[in-house]
Amino acid sequence: MTIQWFPGHMAKARREVQEKLKLVDIVFELIDARLPMSSRNPMMDQVINQKPRLLILNKADMADDSETRKWIEYFAQRGHMAVAINSLEGKGLQKVTKAAQEILKEKWERMKSRGMKPRAIRAMIIGIPNVGKSTLINRLAKKNIAKTGNMPGITKAQQWIKVGKDIELLDTPGILWPKFEDQEVGLKLALTGAIKDTIINMEDLAVYGLKFLSIHYPNRLEERYGITSVDEELVNTFDHIGKRRKVFGPGGEIDYDQVALIVVRDIRNQHFGTITFDSVDEELEKEALAEQ
Ligand SMILES: Nc1nc2c(ncn2[C@@H]2O[C@H](COP(=O)(O)OP(=O)(O)OP(=O)(O)O)[C@@H](O)[C@H]2O)c(=O)[nH]1
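Because the structure is predicted, anything quoted here is derived from the model rather than measured.

What follows is about the pattern of salt bridges. By the definition in use, this model includes 19 salt bridges. With a shortest N-O distance of 2.8 Å, K22 and E19 are connected by a salt bridge. Classification of E19 as partly exposed rests on a relative accessible area of 29%. Notably, a salt bridge pairs K286 with E283, separated by 3.7 Å at the nearest N-O pair. Placement of both K286 and E283 in helix α12 (residues 280–291) is noted, with a separation of three residues, approximately one turn of the helix. A relative accessible area of 54% places K286 in the exposed class. A single network of salt bridges, built from pairs that share partners, joins E29, R40, D45 and R53.

This is how it looks when you write it as structure tokens:
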């Protein structure tokens, strides 16, 4: 699904999320483990206000494990519990229930001490497009979709999905916009396939990808393309890859469009292995600079 995010749509999305928030105890903020910063909504804190939140790093199977561990630690230090999962194969889902119980432990104990009967935790998933919201909901749902009637304050009947006996999940996720105003974020989102190819320049994307790999994963770049850095004259790098991959136009010249496409596809199809595009160390550097 592609959504054009105009101010009106953003306001509507925000309103819809805030309506649903009234129904839940906790928000599951779904983010892409390859982009733990860039795949988050820039206004999430304001939108969900003080609602308890669990960060779920989805698509962990495509991310760099060592970076994922660092990101979980990074978020923990900022007071946010985070877990890494793979919704596509249903890996790590049990961590979600455990973490939600942990986050709400005190509240539940208070309720118990006031003599209230224990009940399931009500949760909703929020995330930017393509982060895997539907996949996760379907995974958690199995056959446990429970229909409920109208809830006060909300016009459309909400369906709850029973996840084990401890969690009830709203069956429709909240969709919020990504941080597209930052050009580098846009390129990262595009490299992971979160943004439609029609709105990006493939050559820019390929160049960004190659530079990223040369900095963070030079060995993998060498293994696949026989280079460890990107030449200042970009055309030399494109020529090199074009020759290596035999991408020639009708007159025998290198087809640069095709080279760009090959690079982007190689990255997306994991021919460079599992990659995390947002680096914890760079984020910490940015934070340190901002504090100065
Ligand atoms: N490898 C991998 N792919 C995943 C995972 N979760 C989702 N996907 C894939 O990511 C793509 C997007 O998943 P969706 O569940 O449609 O994402 P969504 O957030 O509901 O997307 P919108 O409907 O656009 O908001 C699909 O191709 C899924 O198969 C995961 O954990 N690992």
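With that settled, the discussion passes to the packing of aromatic side chains. Per the stated rule, a full pass over the model turns up nine aromatic pairs. When the centroid spacing of 5.0 Å and the interplanar angle of 70 degrees are considered together, the rings of W71 and Y74 count as edge-to-face. Taken together, the residues span about one helical turn, with W71 and Y74 both in helix α3 (residues 65–77) at a distance of three residues. What makes W71 buried here is its relative accessible area of 0%. Through successive ring pairs, a cluster of aromatic residues spans Y208, F212, Y217 and F277. The residue whose ring lies beneath R78 is Y74, and the NZ or CZ to ring-centre distance is 3.8 Å. Cation over ring: R122 sits above W160, and NZ or CZ is 6.0 Å from the ring centre.

This brings us to empty space enclosed by the protein. Taken as a whole and assessed by the stated rule, the structure comprises three cavities of 30 Å³ or more. The volume enclosed by the largest cavity comes to roughly 60 Å³. Contributing to the lining of the largest cavity are R34, M62, L191, T192, I267, R268, Q270, G273, I275 and F277. Its boundaries defined by the atoms lining it, the second largest cavity holds a volume of some 40 Å³. Lining the second largest cavity we find D32, R34, L35, S39, K59, I128, P129, N130, V131, L189, T192 and A194. Within the lining of the second largest cavity, the residues separate by chemical class into six nonpolar, three polar and three charged.

So, about the packing of helix α8 (residues 202–216) against helix α10 (residues 234–244). Between α8 and α10, whose axes approach to 12 Å, the crossing angle comes to 90 degrees. The angle between the axes of α8 and α10 places the two elements in the roughly perpendicular class. Counting all contacts with α8, which are made through E203, A206, V207 and L210, the residues of α10 involved are L234, T237, F238 and I241. Residue classes in the contact of α8 with α10 are distributed as six nonpolar, one polar and one charged.

About the cut-offs
- Residues numbered from 1 in each chain as written.
- Predicted model: local features only at pLDDT ≥ 70, side-chain atom pairs only at ≥ 80, totals over all residues.
- Heavy atoms only, no water.
- Salt bridge = Lys/Arg side-chain N within 4 Å of Asp/Glu carboxyl O.
- Buried < 20%, exposed > 50% of the residue type's maximum accessible area, 1.4 Å probe, protein only.
- Helix = DSSP H or I, 4+ residues; strand = E, 2+ residues; numbered from the N terminus.
- Phe/Tyr/Trp six-rings, centres within 6.5 Å; stacked < 30°, edge-to-face > 60°.
- Lys NZ or Arg CZ within 6 Å of the ring centre and 35° of its normal.
- 1 Å grid on protein atoms, 1.4 Å probe; cavity = no way out; pocket = protein on both sides within 12 Å on 5 of 7 lines; lining within 4 Å.
- Points joined across faces, edges and corners; volume = space filled by probe spheres on them.
- Nonpolar A, V, L, I, M, F, W, Y, C, P; charged D, E, K, R; others polar.
- Axes fitted to C-alpha atoms, helices over the stretch in contact; angles between N-to-C directions.
- Parallel < 35°, antiparallel > 145°, perpendicular 65-115°, else oblique.
- Contact = heavy atoms within 4.5 Å.

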